[in-house]
Amino acid sequence: PGTPGPIYGPGLYRSANPIGFAGTITLDAGGNSNAVFIFRTDAAITTQPNSTVILAYGAQARNVWWIAGSAATLGLSSTFKGTVVATADVTVGVGSTVGAPTRVNGRVFSRTAAATVGAFTTVTVP
């Protein structure tokens, strides 16, 4: 699903700017099932509809962290991997239908506001 996109190895990716993506990104653990991926921003995290996070070569959702200094929004009908920790609201977009749900393999937390999960959405704790 989605268009091919960047591949990230284990590590800390930090930005003062918002983190956002459309299409597909791949997290490649290089065969190390303990590899950790941290994406941290002082601003928001946003994924576009139908976005996909792919875990490759041993990467595990339990080792992926998305940390937002403000809000986080996961686009509708997306497949997302990892734990989201946001200072403000976390919104997991509704799936468009039963056949195109939004899937999160991880957790969603807000430090100061609500975490909202829409209809036709599945959140699975890794």
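Everything that follows concerns the structure shown earlier in this document.
None of the values given here were measured: they were computed from a predicted structure. (Residues numbered from 1 in each chain as written. Predicted model: local features only at pLDDT ≥ 70, side-chain atom pairs only at ≥ 80, totals over all residues. Heavy atoms only, no water.)

> I keep staring at the pattern of salt bridges and nothing clicks. Help me out?
Oppositely charged side chains can form a pair if their charged atoms are brought close together. Taken as a whole, this structure holds one salt bridge when the rule is applied. A salt bridge links aspartate 42 to arginine 14, with the nearest nitrogen and oxygen atoms 3.1 Å apart. Taken together, the residues aspartate 42 in the loop between β5 (37-41) and β6 (45-47) and arginine 14 in strand β2 (residues 11-15) connect sequence positions 28 residues apart. (Salt bridge = Lys/Arg side-chain N within 4 Å of Asp/Glu carboxyl O. Helix = DSSP H or I, 4+ residues; strand = E, 2+ residues; numbered from the N terminus.)

> Whenever I open this one, unusual backbone geometry confuses me. Can you help?
The general pattern is negative phi for most residues beyond glycine and trans for most peptide bonds. The phi dihedral of asparagine 50 falls on the positive side, at around 65°, and the residue is not glycine. For asparagine 50, the position within the fold is in the loop between β6 and β7 (52-56). Phi is positive for tyrosine 57, which is not a glycine, with a value near 50°. Take tyrosine 57: it is sitting in the loop between β7 and β8 (64-68). A residue is classified by how much of its surface remains accessible, and tyrosine 57, at 62% relative accessible area, is exposed. (Buried < 20%, exposed > 50% of the residue type's maximum accessible area, 1.4 Å probe, protein only.)

> Whenever I open this one, the pairing of strand β13 (residues 102-105) confuses me. Can you help?
Here β13 shows a clear split, with Thr102 and Val104 buried on one side and none of Arg103 and Asn105 buried on the other. In terms of strand pairing, strand β10 (residues 79-81) meets β13 through three bridges, oriented parallel. If you follow threonine 79 over to β13, its bridge partner there is arginine 103. Two strands pair when backbone bridges link them, and β13 and strand β16 (residues 121-124) are joined in this way by four bridges, in the parallel orientation. Paired with arginine 103 across the two strands is threonine 122, which belongs to β16. (Pairing = 2+ DSSP bridges.)

> I'm lost on the nonpolar core in this one. Help?
Soluble, globular proteins show a tendency: their nonpolar side chains are buried together. One finds Leu27, Phe37, Val53, Trp66, Phe80 and Val84 to be the most contacted residues of the largest nonpolar core, which totals 23 residues. Residue assignment for this core shows that the elements contributing at least two residues are β3 (19-21), β4 (24-28), β5, β8, β9 (72-74), β11 (83-86) and β12 (90-92). Broken down by element, the residue count for this core peaks at three residues, all from β8. Setting aside residues no more than four positions away along its own chain, phenylalanine 37 makes contact with Tyr8, Gly9, Pro10, Gly11, Leu27, Asp28, Ala29, Ala59, Asn63, Val64 and Trp65. (Core = buried A, V, L, I, M, F, W, Y, C linked by side-chain atoms within 4.5 Å. Contact = heavy atoms within 4.5 Å.)

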